[in-house]
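A look at the structure
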There are 2 protein chains.
Amino acid sequence: MAVDIDITFLGTASAIPSRTRSHSSLALRVDGSIWIFDAGEGTQHQLVRSDLKLGKIERIFITHLHGDHVFGLPGLLCTVSQKQGARDDAPGDGDSDAVEDGPTQNNSSSGTVIEIYGPVGTRAFVRNSLRSSCSRLPCRFRVHEFHDNPETAESSTEADLHPEELPGRNQIADSPCGSGAASLWSLDLGVFAVQVVSIAHTVPSLGYILQEESAPGNLDVASIQPHLNRNANALKAQGIRNPLSLLAKLKAGSTVTLPDQTMLVPDDFLSKPTPGRKIVILGDTHDSMAVAPVCMGATVVIHEATNACLEQDRQNGASAEEIEVKTIAHGHSTPQMAGRFARAVGAKLLILNHFSSRYKGDESPESMLVMDEIRQLALSTYLLPEDPSEPREVITARDLMTVVVPRRPKRSKS
Amino acid sequence: MAVDIDITFLGTASAIPSRTRSHSSLALRVDGSIWIFDAGEGTQHQLVRSDLKLGKIERIFITHLHGDHVFGLPGLLCTVSQKQGARDDAPGDGDSDAVEDGPTQNNSSSGTVIEIYGPVGTRAFVRNSLRSSCSRLPCRFRVHEFHDNPETAESSTEADLHPEELPGRNQIADSPCGSGAASLWSLDLGVFAVQVVSIAHTVPSLGYILQEESAPGNLDVASIQPHLNRNANALKAQGIRNPLSLLAKLKAGSTVTLPDQTMLVPDDFLSKPTPGRKIVILGDTHDSMAVAPVCMGATVVIHEATNACLEQDRQNGASAEEIEVKTIAHGHSTPQMAGRFARAVGAKLLILNHFSSRYKGDESPESMLVMDEIRQLALSTYLLPEDPSEPREVITARDLMTVVVPRRPKRSKS
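Residues numbered from 1 in each chain as written. Chains lettered and ligands numbered in written order. Predicted model: local features only at pLDDT ≥ 70, side-chain atom pairs only at ≥ 80, totals over all residues. Heavy atoms only, no water.

Re the overall build of chain A
What counts here: A run of H or I in DSSP counts as a helix once it spans at least four residues, and a run of E counts as a strand once it spans at least two, with each numbered from the N terminus. To be clear on the numbers: accessible area is Shrake-Rupley with a 1.4 Å probe, and residue cover counts the displayed protein chains and nothing else.
Per the secondary structure count, chain A includes 13 helices and 19 strands. For chain A, the exposed area adds up to about 16400 Å²; of that, 51% sits on carbon and sulfur atoms.

Structure follows, in structure tokens:
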């Protein structure tokens, strides 16, 4: 189980950026390692403005190939790659060499491999961009694509590979998930088991569901000790000099029978495991409900909310229904749609992002009021009056905002 | 002749951006119309931070295809295109519709065509990026490429065209220019006659030389008037009721003979034409001297100066010669190299840009001192002690700095 997980929003705009919102990208930091989700144009510029270290980026996940989510990927790869190769990976102004390496320099000495995940077409986009720009990278990369069927998933030939590219996987969908026709892929990425789901949008779009492993429960050693003490001599006669070595067996879930026939049953001495955090990061969508079944019990849901019907819009004659219909027609969601999804999956925290450039992301009172209106719209469907008073929250993301994903409280011994 | 010309530097970094410098791009504004030169990643973000109106962008020129000069082009095209199609082309936060168009929306109702110019490969890069991202544009575009020989310049087939793309020209080099092997292409773009030259870099790189047309001289009407008055009745008898109509002929350079046989010779009454401004914008280069012959008499030269040997570097044991050798090996120039070029062409103003991320672009005293050191290095080769005291200046570019290109003083009647 990880110690610290936090999420930094690098860009929270939809198609058109504004002075206060850059294009889509967020950085998930897990015990120092960074996983990037989407890389809209300007992602590397936002990274150097943040406190995140570019050299710590290990994986980049793309939800879909619309330009506002992916046009920053080639440049990010070039810059991250240089930072991976360099000794100094501090953000901002910090090149250590007196003479700057141009983008064509190849010092491919680093053993680092940047892993990229995305829908069909991600690999071609990366390759074409790097080829057109004659980019050589100081470290290597690998692009894994999620395919619905084996026919599209022919493996890359060596001839197609960029000089710094290693062959990536073309993963075929496990099965449809939930009630809709969504496809599902599974990855074991160490600290997280990742499920990838297809979600409804105008182009193939993905959601990433990250499930942290549970932490095993703790043994109540103080209660076990008297039993061990009582059997110490008998255990020694059996060759067990350190009776505490039996605890590992107990912790692994096996019953231990002592020489005096006392049975130590795990459930009597082991507290329940601490459940891992579940982080749901969805790409653009006009209907996320089909993937709700794999998102149940989310610690945090990050959901787009491109357009909203605000009081000002109502005064101008618009209705919430009318704007929702238009928003869906454009492939997007309203705050209420995001709230309904978060409610359906029982999420503890809903973070809205991917906002129209009308909704400014600064801290002026005017902007904050608009964003609070959007937050209230999401709360109106997320938290109903009849709900028990369990803590649920909605946050509207701003550029360079960092949200800590809290550990779940340990369950007490039942 | 244009009234107002100014240049706004949108990004002044080299390969790696910093908190104070974005990737390469500059906007040349001519009587309101905007021509963009290079579109490194983040160009559209810098545009919305500037006072420039995205809807006024008419032409985009690419010097070379390295990512730090071109990765912002697809996104710029998408956003500019939306602004061209929309009524509201104000920068920043200003979408007028309640529901944001996604990047796949196609409202191709605008008659605007964005003209893009670049080296071989520009068209493929734009097409691949727009195709991968399923981008549809509300207005059309056309990519013109500069080819060295006819073999590479096969015209695009209709099948290759993006849905919003019009066939562009593949222009074959006119002739080698200067003493080197540089190729030269000529364009007549109305307000400017543009010469495009190939310059030495690690990949094909271009320089753009913009020659504004001269303004015709002014007639000294007060001196002509007595001659016309004296001949007024005779002219009337010839059917010339308004003797001032003869001035157009005189202004066009023809001698006018009056009824009393007085000959009005243009040179006696016409001041010399006001020479047009000449703007030289060079892409990355490690040797610009071969193109000096076509850059003679430049009003302003914009030249890269990626690396420098500062006092701090000398204290660390580096020499100017050593850093220049390394800089050239990476395809780049030092401030002294830029200064030598500006001196060779007799430029009135040299603007340095494309700086290593070591050289910060903010206004802190520390950063300003470093940039002044770089400026002095350029001046050391640009302005020699024996030079007559004619005004020559060096500016080190900062992001979002605007420099007015002054009209040349009118030459007095000789």
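A look at the confidence of the model for chain A
All names here are of chain A. Under the convention used in this document: A residue's pLDDT is the predictor's confidence in that residue, given on a scale from 0 to 100. Should any heavy atoms of two residues lie within 4.5 Å, those residues are considered in contact.
With 90% of its residues at a pLDDT of 70 or more, chain A shows a mean pLDDT of 89. Counted against residues more than four places away or in other chains, residues 104-109, with its pLDDT under 50, gives 17 contacts. At the level of chain-chain contacts, confidence expressed as ipTM amounts to 0.88, with global pTM at 0.88.

So, the environment of Leu26(A)
Residue and element names in this part refer to chain A. Structurally, Leu 26 can be placed in strand S2 (residues 25-30). Spatially, the C-alpha atom of Leu 26 lies 9.7 Å from that of Ile 281, the residues being 255 residues apart in sequence. Residues in contact with Leu 26, not counting those within four places in the same chain, are Ile 7, Thr 8, Phe 9, Leu 10, Trp 35, Ile 36, Phe 37, Asp 38, Ile 281, Ile 302 and Asn 353.

Focus on the relation of the copies chain B and chain A
Between the two copies of the chain lies a relationship made up of a rotation around an axis and a movement along it. Rule in force here: Least squares is used to superpose the copies, and the fit set is the C-alpha atoms of residues whose pLDDT is at least 70 in both copies.
Placing chain B over chain A gives an RMSD of 0.3 Å and needs a rotation angle of 179 degrees, together with 0.1 Å of translation along the axis. Taken together, the rotation and translation relating the two chain copies correspond to the operation of a two-fold axis. Among all residues of chain B, the minimum C-alpha distance to the rotation axis is found for Gly42(B), at 2.6 Å. The residues that chain B uses at the interface reappear at the interface of chain A in 100% of cases, marking a shared surface.

Details of the pairing of strand S15 (residues 278-282) of chain B
All names here are of chain B. Just so we agree on the cut-off: Relative accessibility thresholds used throughout: buried, under 20% of the residue-type maximum; exposed, over 50%; partly exposed, between the two (1.4 Å probe, protein chains only). We treat two strands as partners when DSSP finds at least two bridges between them.
The element S15 is largely enclosed, with a buried count of five among its five residues. Across the two faces of S15 the burial is the same, with Lys 278, Val 280 and Leu 282 and Ile 279 and Ile 281 all buried. Where strand S12 (residues 205-212) and S15 come together, five bridges link them in antiparallel fashion. Considered in S15, the bridge of Tyr 208 is made with Ile 281. Bridge count for S15 against strand S16 (residues 300-304) is three bridges, and the pairing is parallel. In the sheet register, Val 280 faces S16, and the bridge partner there is Val 301.

A word on the side chain of Asn170(B)
Residue and element names in this part refer to chain B. To keep it simple, the criterion reads: Pairing of N or O atoms within 3.5 Å defines a polar contact, subject to two protein rules: one partner must be a possible hydrogen donor and the other a possible acceptor, and residues neighboring in sequence count only if both atoms are side-chain atoms.
With respect to the element layout, Asn 170 can be found in strand S8 (residues 170-172). Judged by its relative accessible area of 17%, Asn 170 falls in the buried class. Within polar-contact distance, the side chain of Asn 170 engages the side chain of Arg 123 at 2.8 Å. Among the polar contacts made by the side chain of Asn 170, one reaches the side chain of His 147 at a distance of 3.3 Å.

Some details on the packing of aromatic side chains
Formally: Any two of the Phe, Tyr and Trp rings considered here, Trp counted by its six-membered ring, make a pair once their centres fall within 6.5 Å; the pair's planes then place it as stacked at under 30 degrees, edge-to-face at over 60, or tilted in between.
Counted by the stated rule, this structure contains 18 aromatic pairs over all chains. Seen in terms of ring centroids, Phe37(A) and Tyr208(A) are 5.7 Å apart; in terms of plane orientation they differ by 70 degrees. Their pairing is edge-to-face. Taken together, the residues span a long stretch of sequence, with Phe37(A) in strand S3 (residues 33-37) and Tyr208(A) in strand S12 (residues 205-212) at a distance of 171 residues. A residue is classified by how much of its surface remains accessible, and Phe37(A), at 2% relative accessible area, is buried. We classify Tyr208(A) as buried; its relative accessible area is 0%. Each ring, one from Phe146(B) and one from Tyr208(B), has its centre 6.3 Å from the other, and the planes form 65 degrees; the classification is edge-to-face. Placement of the pair is Phe146(B) in strand S6 (residues 140-147) and Tyr208(B) in strand S12, with a sequence separation of 62 residues. Classification of Phe146(B) by relative accessible area gives buried; the value is 4%. Taken together, the ring pairs connect Trp35(A), Phe37(A), Phe61(A), Tyr117(A), Phe146(A), Trp185(A), Phe192(A) and Tyr208(A) into an aromatic cluster.

Quick look at the packing of helix H12 (residues 335-344) of chain A against helix H13 (residues 365-382) of chain A
Residue and element names in this part refer to chain A. Applicable threshold: Simply put, an axis is a line fit to the C-alpha atoms, just over the touching stretch for a helix, and the angle between two N-to-C directions goes from 0 to 180 degrees. Here is the rule for angles: anything less than 35 degrees is roughly parallel, anything more than 145 is roughly antiparallel, 65 through 115 is roughly perpendicular, and the remaining ranges are oblique. Note on convention: near helix rotated counterclockwise from far helix by under a right angle means a left-handed crossing. Clockwise means right-handed.
Where H12 contacts H13, the two axes come as close as 7 Å, and the packing angle between them is 40 degrees. With respect to each other, H12 and H13 are oriented oblique. Pair H12 / H13 crosses with right-handed handedness. Within the contact between the two elements, H12 uses Pro 335, Gln 336, Gly 339, Arg 340, Ala 342 and Arg 343 and H13 uses Ile 374, Leu 377, Ala 378, Ser 380, Thr 381 and Tyr 382.

Quick word on the interface of chain B and chain A
Here is the rule we go by: The term buried area denotes the loss of accessible surface (1.4 Å probe radius) that occurs when two parts are joined, taken as the sum for both partners. Should a side-chain nitrogen of Lys or Arg be within 4 Å of a carboxyl oxygen of Asp or Glu, the pair is scored as a salt bridge. For this classification, the nonpolar set comprises Ala, Val, Leu, Ile, Met, Phe, Trp, Tyr, Cys and Pro, the charged set comprises Asp, Glu, Lys and Arg, and every other residue, Gly included, is treated as polar.
The partner chain A presents 67 residues to the 67 residues of chain B that form the contact. Regarding the contact of chain B and chain A, the summed buried area is about 5300 Å², with carbon and sulfur atoms giving 55% of it. Where chain B packs against chain A, one counts zero salt bridges. Taken together, the connections running from chain B to chain A amount to 12 residue pairs in polar contact (both at pLDDT 80 or more). Secondary structure elements with two or more residues in the side of chain B that touches chain A: helix H1 (43-49), helix H2 (67-70), helix H3 (73-85), helix H4 (122-132) and helix H11 (320-329) of chain B. Considering each element in turn, the side of chain B that touches chain A owes the most residues, seven residues, to H3(B). Residue composition of the side of chain B that touches chain A, grouped by class: 17 nonpolar, 35 polar and 15 charged.

Brief notes about helix H13 (residues 365-382) of chain B
Note that an α-helix has 3.6 residues per turn; residues three or four places apart therefore point the same way. Residue and element names in this part refer to chain B. Inclusion rule: A helix's residues, less one, multiplied by 1.5 Å, set its expected span.
In a regular helix each residue adds 1.5 Å, so 18 residues correspond to 26 Å; H13 covers 25 Å between its end C-alpha atoms and thus fits that length. Among the residues of H13, those classed as buried are Ser 367, Met 371, Ile 374, Leu 377, Ala 378, Leu 379, Thr 381 and Tyr 382. Residues of H13 that are buried make contact with helix H12 (335-345), strand S17 (349-353) and strand S18 (393-396).

Points about empty space enclosed by the protein
A probe as big as a water molecule, rolled over the atoms, marks out the empty space that is left. All names here are of chain A. Just so we agree on the cut-off: Only protein atoms enter the 1 Å grid used here, on which a cavity is any set of points holding a 1.4 Å probe that cannot leave and a pocket is any open set flanked by protein within 12 Å on both sides along at least five of seven lines; residues with an atom within 4 Å of a point are listed as lining. Grid points are joined across faces, edges and corners, and a volume is the space filled by probe spheres set on the points.
Taken as a whole, this structure holds five cavities of 30 Å³ or more when the rule is applied. Here the largest cavity is characterised by a volume of approximately 140 Å³. Those elements giving two or more residues to the lining of the largest cavity turn out to be strand S1 (5-11), S2, strand S15 (278-282) and strand S16 (300-304). Here the residues of the lining of the largest cavity sort into six nonpolar, eight polar and three charged.

Observations concerning unusual backbone geometry
Of note, the phi angle at Asp38(A) is positive, near 70 degrees, even though the residue is not glycine. Its identity is not glycine, yet Asp31(B) carries a phi of approximately 45 degrees, on the positive side. Mapped onto the elements, Asp31(B) comes out in the loop between strand S2 (25-30) and strand S3 (33-37).

Considering the side chain of Glu41(A)
For the record, the criterion: Residues scored as charged are limited to Lys and Arg (positive) and Asp and Glu (negative), so that His and the chain ends carry no count.
Mapped onto the secondary structure, Glu41(A) falls in the loop between S3 and helix H1 (43-49). No salt bridge forms around the buried Glu41(A); measuring N to O, its nearest opposite-charge neighbour Arg49(B) is 9.4 Å away. Engagement of the side chain of Glu41(A) in a polar contact is seen with the backbone nitrogen of Gly42(B), the distance being 2.7 Å.

Some thoughts on the environment of Asp313(B)
Along the chain, Asp313(B) falls in helix H10 (residues 311-315). As for Asp313(B) and Cys134(B), which are separated by 179 residues in sequence, their C-alpha atoms are 48 Å apart.

What about the pattern of salt bridges?
All names here are of chain A. As enumerated under the stated definition, the model contains 24 salt bridges over all chains in all. The salt bridge involving Arg 340 is made with Glu 324; its shortest N-O contact spans 2.8 Å. Taken together, the positions of Arg 340 in helix H12 and Glu 324 in helix H11 (residues 320-329) put the pair 16 residues apart, joining distant regions of the chain. Arg 340 gets classed as partly exposed once you look at its relative accessible area, which sits at 34%. Connected through shared salt-bridge partners, Asp 372, Arg 375 and Glu 393 make up one network.

Notes on H11(A)
All names here are of chain A. Spelled out, the test is: This arc is built from the directions going out from the helix axis to the C-beta atoms.
Among the residues of H11, those classed as buried are Ile 323, Glu 324 and Thr 327. One side of H11 holds all its buried residues, which, seen down the axis, span an arc of 100 degrees. Seen from the buried face of H11, the exposed residues on the opposite side, beyond 90 degrees, are Glu 321, Val 325 and Ala 329. Contacts from the buried residues of H11 go to helix H10 (311-315) and H12. Following H11 by one or two positions, Gly 331 has its phi on the positive side, about 90 degrees.

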